[in-house]
Amino acid sequence: MKSRDKAVNQMIKAAGEREVETVWDRYQTQQPQCGFGELGVCCRNCTQGPCRINPYGDGPDHGVCGANADTIVARNLVRAIAAGAAAHSGHARHLAHALKKGLAGKAPAYGLKDEAKLRALAARVGLDPELPAEELVNKFMDMALEQFAEGEGPLKWAQSFLTGGCGETFERLGTMPTGIDNTIVEMLHRTHLGVDADPVNLLLAGVSCAIADYAGSHLATDLADIMFGTPGPVFSQANMGVMKEKSVNIALHGHNPVLSDIIVQEAREMEEEARGAGAEGINLMGVCCTGNEILMRHGVPALTHSISQEMPMLTGALDAMVVDYQCVYPSLAGVAECTGTKLITTMDMAKISGAVHLGMHEENAAEKAREIISVAIEQFRARQGRPVNIPSVSSKVVAGFSVEAIVQALSKLDAADPLKPVIDSLAAGSLQGVVLLAGCNNVKVPQDDSFLVIARELAARDVLLLATGCGAGAYARHGYLTPEATLEYAGPGLKAVLTAIGEANGLGGPLPLVLHMGSCVDNSRAVDLAVAVADKLGVDLNKLPVVASAPEFKTEKAVSIGTYAMAIGLPVHLGVVPPVLGSRLVTSVLTEGVKDLFGGYFIVETDPYKAAGAIFAAIQERRSGLGLPT
Ligand code: XCC
Ligand code: SF4
C-alpha cells in the first residue's frame, strides 16, 4: 500500500496509465538503499573520504582521519539539526525583513495587522506593551532581528517562551544559545574535519542548535501572526475533490506566508479577470505548510501534502502550482510538463529548472501575486477542451486552533481561568494526557497510515490530540478534523471534554477530534500551550503527561523539531528510524541518557499500534509521577 488516501491512490493509477513517474516509483529505483547511510556511519566531510565504518565489526572501525562510528553518527545527526534550524529561522528572517520594509514604507503589502498579538508578545519579551503601536512595532522588530546575531546572554526568544526550569537546565548544561545564526554556523565549524570528535559534546551542541530552531520557529509564528493575523476557527475542506473543473485552479505550496497570504488577498480582486477568461472564479488551494498557513488564516482548502504533492497535477485540472521553499520536490517540473500545469517558482534562492521563475521581492509582492494569477488564468484558457480527472474525494475541516483561539474557546467554560477545565480534566483522568502529532509523510511509510492509527488508538484512550504540519494535513484529508470524528473515535472522557467546549461555544456538538494548530513552525504554538499549563501547575514540562510524535517524519527540519521537543522535556516518538543505529553510544544517549539531563527522550517505534502503546505508557508514567490516577 502506497497511501491511505483514496484520492492519492486514484492519481497513482492515473500516473501509471500516463507513464508519469512518481515519488513511489523513484523510491523503488533506489532499492536497495545504502546500508551505511541508513546507519549513519558514512562520512563525506572531507575528500579523503567517503569513509564508512563497518557496522558488523569485521571491517574498518575508523575513518581515514581516525573518526569512529560514534563521532561520525553524531556529526551527521547534528548537521541535520543545523540544517533544520537554518530553514525555520530563514523563514522567520524573511518575514522580519518583509515587515521591516513594510514599516519603512518600502513594501506596501506588509504592515502591522494584529496589534493585540504584538502587545501580548511585547510583554513576554520585556518591552513596554503600552507604547504607541508604531513605536512598539519598531522596537519589537529591532529585537526580533537581534535574535539572529550573537548576543551576550541567553537567546531571548528561547528564554521568554519556555518554562524557567527549561532555561535553568539549558544554562547549566551549556546548551542555551546566544543567537540563532552563530549557533548554526558554529555547528558547521564543529563538524568540519578535525574539530569536535566527542560524540556527547556534539550531541549537546545539537541540542543547542535545536533550541535555536525553537526560537526561530516561534519567531516565524509570531511575525506571521502580527503581519497577517492570528488564526481563529475556520471551516473548510481538504483533498483533491476541492478542485473545480470550471475554475482557475491554483495550488500554493511551500512554507512561508510572505507571498501566499498576498496571493490570497490579490485573488479576491482578480475574480473578474478570471470570469473574463470563461472561468467561474479563482480556486486557491494549499499544499504542505504554505497550505496550512492559508488554511489557518483564510480557510483556503487543503489540496494534498508532502509525498503526494505531485498528484494534483495528474487531475489535468491544476492550472498553476506556485511554490516558495522547503519540501518542494524538483520532480514537480517533470510532472508539470506532462500535465500542462504551470510550475511557478517565486524565491530567488529556490529555483527549479523547467519551472517558470517569477521572482518575488518584498517591494513588489502584490504586483508579482497578480502576475502569477494572470499566468494561471492564461493556463486555464489553454486547458479548455481537455479532459480532467478530479477525484471526488474531500473531507470537511475545522481548523484555526491557535493558542489564542483555544483559550478563547475555553474561556466560555471558565472566563476567569480558561485553562482550569483542561487541568481539572487532566487531574481527574477524563483526559489522560496530550499528544502533539507533527511532521511529514515519508515514502517509507504508507501515506497517513501511522498518523491515523496512532490518533484512533490514543483518542480511544482519552488523549487530547493536537496536530501541525503535514500530520495535520493527513487528519484534514481523512476527516479527523471534524466533530463527527470525535463522536466516532473519542473515548468517553475525551468526548465529554470536547463536547462541553464545543457546546459552550455554540457549535451544537464537540470540537474536532484533532485540533489543527498550524504549520511546522507553529509547533511553537503547541509548546506555548504546554508551557502555559506547566506554569499554571507550577511544574516543569518534563513532568507533564504531554508527548510529541512524528510518525512519518522525513526532513532535517523534523529532526530539529524532535530534538527541541526532547530538550524541553517531552518524550518524543519517531515512527521512522533515524540514521543513528550505527553508533550504540549515540542511540543509547538519545533514548536513555538524555532523560537524566533533560527529562525528555526518544521512543523509536515503526509499528503504529505499538507506538500508540508506548506513547500511552509514557503518559501513564508521567501521570504516576504527578500522583494522578492512571
Ligand atoms: Fe515538509 Fe512543513 Fe514535513 Fe510537510 S511536515 S513534509 S517538513 S511541509 Ni513540516
Ligand atoms: Fe573520512 Fe574523516 Fe574525512 Fe570523514 S572527515 S571523510 S571520516 S577522513
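Residues numbered from 1 in each chain as written. Chains lettered and ligands numbered in written order. Predicted model: local features only at pLDDT ≥ 70, side-chain atom pairs only at ≥ 80, totals over all residues. Heavy atoms only, no water.

1. Quick notes on the pattern of salt bridges
Which entries qualify depends on this criterion: Any carboxyl oxygen of Asp or Glu that lies within 4 Å of a side-chain nitrogen of Lys or Arg is treated as forming a salt bridge with it. We count a stretch as a helix when DSSP gives it H or I for four or more residues in a row; a strand needs E for two or more, and each element gets its number in order from the N terminus.
Summed over the entire model, instances satisfying the criterion amount to 31 salt bridges. Here Asp449 ties to Arg4 by a salt bridge, and the two come within 2.6 Å at their closest N and O atoms. Of the two residues, Asp449 sits in helix α18 (residues 449-460) while Arg4 sits in the segment before α1 (6-17), which places them 445 residues apart along the sequence. Among the salt bridges present, the one from Glu271 reaches Arg275, with a minimum N-O distance of 3.8 Å. With Glu271 and Arg275 both in helix α12 (residues 271-276) and four residues apart, this pair spans about one turn of that helix.

2. Description of the site of ligand 1
Keep this limit in mind: If even one non-hydrogen atom of a residue comes within 4 Å of a molecule or strand, that residue is called near it. Note: domain ranges come from an automatic or database domain assignment.
Around ligand 1 sit His255, Cys288, Cys289, Ser306, Cys327, Gly439, Cys440, Cys470, Cys520, Lys554, Thr555 and Lys557, and those are all the residues in its vicinity. Among the domains, domain 3 (240-383) and domain 4 (395-625) are the pair contributing at least three residues each to the shell around ligand 1.

3. Some thoughts on helix α15 (residues 365-383)
Put simply, the rule reads: The span expected for a helix works out to 1.5 Å for each residue beyond the first. Contacts between residues were defined by any pair of non-hydrogen atoms, one from each residue, lying within 4.5 Å.
Its 19 residues place the ends of α15 27 Å apart at the C-alpha level, agreeing with the 27 Å of an ideal helix rising 1.5 Å per residue. Where α15 is buried, its residues touch β4 (248-254), α11 (257-269), α12, β5 (282-287), β7 (320-323) and β8 (342-345). Looking one or two residues past α15, Gly385 carries a phi angle of roughly 90 degrees, positive in sign.

4. Details of the coordination of the nickel atom of ligand 1
Heads up, the rule is: Each metal's donors are the N, O and S atoms within 2.8 Å of it, or within 3.2 Å when it is Na, K or Ca, and because water is not part of the set, sites may look incomplete.
Among all protein atoms, only Cys520 (SG) binds the nickel atom of ligand 1, sitting 1.8 Å from it. Considering the arrangement of structural elements, one finds Cys520 in the loop between β13 (514-518) and α22 (523-537).

5. With respect to the site of ligand 2
Worth spelling out the cut-off: When residues are sorted by character, Ala, Val, Leu, Ile, Met, Phe, Trp, Tyr, Cys and Pro go into the nonpolar class, Asp, Glu, Lys and Arg into the charged class, and all the rest, Gly among them, into the polar class.
Within the structure, ligand 2 sits among Cys43, Asn45, Cys46, Gln48, Gly49, Cys51, Gly63, Val64, Cys65, Arg75 and Leu193. Of the residues belonging to the shell around ligand 2, the class tally is six nonpolar, four polar and one charged.

6. Remarks on the domain arrangement of the protein chain
This is how the line gets drawn: When two parts are brought into contact, each loses some accessible area as probed by a 1.4 Å sphere; the total of that loss over both is the buried area. Polar contact is defined as a pair of N or O atoms within 3.5 Å, subject to the rule that within protein one atom must be able to donate a hydrogen and the other to accept it, and that residues adjacent in sequence are counted only when both atoms are side-chain atoms.
Taken domain by domain, the protein chain holds domain 1 (6-52), domain 2 (69-228), domain 3 (240-383) and domain 4 (395-625). Measuring from the centre of the C-alpha atoms in domain 1 to the corresponding centre in domain 3 gives 26 Å. A combined buried area of about 1000 Å² lies between domain 1 and domain 3, and 75% of that area is made up of carbon and sulfur atoms. Area buried by domain 1 at its contact with domain 3 is led by Met11, Arg18 and Val20, which between them contribute 45% of it. For the pair domain 1 and domain 3, the interface holds one salt bridge. We note a salt bridge from Glu310 to Arg26, for which the minimum N-O separation is 2.6 Å. For the interface between domain 1 and domain 3, the tally reads four residue pairs in polar contact (both at pLDDT 80 or more). The greatest single-element share of the side of domain 1 that touches domain 3, amounting to five residues, is contributed by α1. Its residues assigned to classes, the side of domain 1 that touches domain 3 shows eight nonpolar, one polar and three charged.

7. Some points on α11
Quick note on the threshold: Burial classification: accessible surface area is computed with a 1.4 Å probe over protein chains only, and a residue below 20% of its type maximum counts as buried, one above 50% as exposed, and the rest as partly exposed.
Along its 13 residues, α11 runs 19 Å from first to last C-alpha, staying within 8% of the 18 Å computed at 1.5 Å per residue. For α11, the buried fraction is high: 10 of the 13 residues fall into the buried class. Here α11 has its buried residues at Pro257, Val258, Leu259, Ser260, Asp261, Ile262, Ile263, Val264, Glu266 and Ala267.

8. Comments concerning the packing of aromatic side chains
Note the following rule: Here a Phe, Tyr or Trp ring, Trp counted by its six-membered ring, pairs with any other such ring whose centre lies within 6.5 Å, and the pair is stacked when the planes are under 30 degrees apart, edge-to-face when over 60, and tilted otherwise. Two limits define a charge over a ring: the Lys NZ or Arg CZ must be within 6 Å of the ring centre, and within 35 degrees of the ring normal.
One pass over the full model with this rule turns up eight aromatic pairs. Pairing Tyr110 with Phe228 gives two aromatic rings, centres 6.3 Å apart and planes at 70 degrees, and the pair type is edge-to-face. Taken as a pair, Tyr110 in the loop between α4 (69-103) and α5 (115-124) and Phe228 in helix α10 (residues 199-228) lie far apart in primary sequence, 118 residues in all. The burial state of Tyr110 is the same as that of Phe228; both residues are buried. Aromatic rings pair up to connect Phe451, Tyr475, Tyr480 and Tyr489 into one cluster. Its guanidinium or amino end placed over the ring of Phe36, Arg52 lies 4.2 Å from that ring's centre, counting from NZ or CZ. Sitting over the face of the ring of Tyr601, Lys595 holds its NZ or CZ atom 4.3 Å from the ring centroid.

9. Points about the pairing of strand β11 (residues 433-437)
Rules: Note: two strands are recorded as paired if DSSP finds a minimum of 2 bridges between them. The definition of a right-handed crossover adopted here requires that, viewed with the strands pointing away, the path from the first strand over the helix to the second runs clockwise.
Within β11, five of the five residues are buried, leaving the element largely enclosed by the surrounding structure. Judged by which residues are buried, β11 turns out to be covered on both faces: Gly433, Val435 and Leu437 on one side and Val434 and Leu436 on the other are all buried. Bridge count for β11 against strand β12 (residues 463-468) is five bridges, and the pairing is parallel. When the sheet's bridge partners are listed, Leu437 is paired in β12 with Ala467. Traced from β11 through α18 to β12, the parallel crossover comes out right-handed. Alignment of β11 against strand β14 (residues 546-550), held across four bridges, turns out to be parallel. Bridging across to β14, Leu437 finds its partner in Ser549.

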